[in-house]
Amino acid sequence: MTQFTPWSAAAGGALIGAAAALLWVSLGRIAGISGILGGLAGAPAGEHGWRLAFLAGLVGAPLLYLAALGAPEVSIAAGPARLVLAGLLVGVGTRLGTGCTSGHGVCGIARLSPRSIAATGVFMATAAATVFLSRHVLGS
């Protein structure tokens, strides 16, 4: 994390919060990415537009950043198999937790949802345990 600054983190958090608030205020929808994407397949006809627009923004915003400022330096120490396994585990966790970190952590906690507060606590504890195990027990 060589590019981290408190200001960039605060700006990113403010943009995420603003996007979640805008979706809530304008459409009454929670900005949970797994729910938006997962609900796309079986959504009623009037539901496709906002879902596709939200997902297009998720893809488009980094592309705009890339065009304006260039690609940041990224280093990933894990191999492709580990990344695929991690992605699958995130998907399983999202299903088991009936939502993702954006839906529970950003929107659910803001609504003071007990279920979201508990889910986010489990997400964070699992993340801390995973980092501890991978760095200090498995040594990878």
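Scroll up for the structure.
Residues numbered from 1 in each chain as written. Predicted model: local features only at pLDDT ≥ 70, side-chain atom pairs only at ≥ 80, totals over all residues. Heavy atoms only, no water.

1. Quick look at the overall build of the chain
- Helix and strand counts for the chain come out as six helices and zero strands.
- Ordered by position from the N terminus, the helices and strands of the chain form the series α-α-α-α-α-α.
- By principal-axis analysis of the C-alpha atoms, the chain measures approximately 50 × 40 × 30 Å.
- The buried share of the chain, taken over its 140 residues, is 17%. (Helix = DSSP H or I, 4+ residues; strand = E, 2+ residues; numbered from the N terminus. Buried < 20%, exposed > 50% of the residue type's maximum accessible area, 1.4 Å probe, protein only.)

2. Description of the pattern of salt bridges
- What the rule picks out here adds up to two salt bridges.
- Put simply, Arg 29 and Glu 47 hold a salt bridge, and the shortest N to O gap is 2.5 Å. Here Arg 29, found in the loop between α1 (6-27) and α2 (33-38), pairs with Glu 47, found in the loop between α2 and α3 (48-69); they are 18 residues apart in sequence, far enough to count as distant.
- The exposure class assigned to Arg 29 is partly exposed, which follows from its relative accessible area of 31%.
- Overall, the relative accessible area of 14% leaves Glu 47 in the buried class.
- Among the charged side chains, a salt-bridge network with shared partners connects Arg 29, Glu 47 and Arg 51. (Salt bridge = Lys/Arg side-chain N within 4 Å of Asp/Glu carboxyl O.)

3. Notes on the nonpolar core
- Counting residues in hydrophobic clusters, the biggest one holds nine residues: Ala 20, Leu 23, Ala 31, Ile 36, Leu 40, Trp 50, Phe 54, Leu 55 and Cys 107.
- Within the residue set of this core, elements represented by two or more residues are α1 and α3.
- With three residues, the single largest contributor to this core is α3. (Core = buried A, V, L, I, M, F, W, Y, C linked by side-chain atoms within 4.5 Å.)

4. Comments concerning a nonpolar patch on the surface
- Residues Leu 58, Val 59, Leu 63 and Leu 66 make up a contiguous nonpolar surface patch of roughly 360 Å² in combined accessible area.
- With respect to the helices, strands and loops of the structure, Leu 58 is situated in helix α3.
- When its relative accessible area of 40% is taken as the criterion, Leu 58 is described as partly exposed. (Patch = residues over 30% accessible without salt bridge, like charges linked within 9 Å, V, L, I, M, F, W, Y side chains within 5 Å. Areas by Shrake-Rupley, 256 points an atom, 1.4 Å probe, with all protein chains shown as cover.)

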